[in-house]
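Residues per chain, in single letters:
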Amino acid sequence: MAISKENKEFIDSLIDYYISESEAYTQIAENFVPEVESVPDTAFGIITGCVYSGFLQAYQNQQQTPSLEDIREFNEMIKNRAALIKKAIIEPHKTEAKEETEEIKEQ
């Protein structure tokens, strides 16, 4: 079983959402200093955890359980977007400006 097209689109939209809200998750991570050594890595973990939770919730809403293959595919989706997530955490305003520029080009 592979992740359905609808679930992939949902996961992509979750990733996009959390990228756009990365500053909020960085602020949450900052609340744990000095317990955490890296605010960006902690924010990344929070974001990926939220996306994973959404992934599991989507399956639960469909009364399904993700297979090991589905989880591997999910991990690959996160891995493919990891650099973008990290960039949004480290340089949130630059990522927002890039997204706005891409939206203008598409119109």
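Residues numbered from 1 in each chain as written. Predicted model: local features only at pLDDT ≥ 70, side-chain atom pairs only at ≥ 80, totals over all residues. Heavy atoms only, no water.

J.: Before we move on, could you go through helix α2 (residues 22-30) and cite the residues and values that matter?
T.: Helical geometry: 3.6 residues make up each α-helical turn, so side chains three or four residues apart lie on a common side. When α2 is considered as a whole, its buried residues turn out to be S22, Y25, T26 and A29. End-on view of α2: buried residues confined to an arc of 105°, all on one side of the axis. (Buried < 20%, exposed > 50% of the residue type's maximum accessible area, 1.4 Å probe, protein only. Helix = DSSP H or I, 4+ residues; strand = E, 2+ residues; numbered from the N terminus. Arc of directions from axis to C-beta.)

J.: I'd like a rundown of the nonpolar core, residues and numbers included.
T.: Soluble, globular proteins show a tendency: their nonpolar side chains are buried together. Of all hydrophobic cores here, the largest spans 20 residues; its most connected members are I3, I11, I15, I47, V51 and F74. Residue assignment for this core shows that the elements contributing at least two residues are α1 (5-20), α2, α3 (39-61) and α4 (68-90). With near-sequence residues (within four places) excluded, I47 lies in contact with Y18, S22, Y25, I85 and I89. (Core = buried A, V, L, I, M, F, W, Y, C linked by side-chain atoms within 4.5 Å. Contact = heavy atoms within 4.5 Å.)

J.: Describe α1, naming the residues involved and giving the relevant values.
T.: Counted at 1.5 Å a residue, the expected span for α1 with its 16 residues is 22 Å, and the 23 Å between its end C-alpha atoms agrees. Residues of α1 that are buried include every one of N7, I11, L14, I15, Y18 and I19, and no others. Along the long axis of α1, the arc covered by the buried residues comes to 135°, so they all point the same way. Facing away from the buried side of α1 by over 90 degrees, the exposed positions are K5 and E6. (Expected span 1.5 Å × (residues − 1).)

J.: Any details on the packing of aromatic side chains? Residues and values, ideally.
T.: Taken as a whole, this structure holds 6 aromatic pairs when the rule is applied. When the centroid spacing of 5.0 Å and the interplanar angle of 75° are considered together, the rings of Y17 and Y18 count as edge-to-face. Of the residues examined, Y18 reaches a relative accessible area of 12% and is grouped as buried. Measuring from ring centre to ring centre gives 5.0 Å for F55 and Y59, while their planes differ by 65°; the resulting arrangement is edge-to-face. Within this pair, F55 and its partner Y59 are both found in helix α3, separated by 4 residues, close to a single helical turn. Accessibility assignment for this pair places F55 and Y59 in one class, buried. Taken together, the ring pairs connect Y52, F55, Y59 and F74 into an aromatic cluster. (Phe/Tyr/Trp six-rings, centres within 6.5 Å; stacked < 30°, edge-to-face > 60°.)

Purely geometric stuff here, so don't read any function into it on its own.
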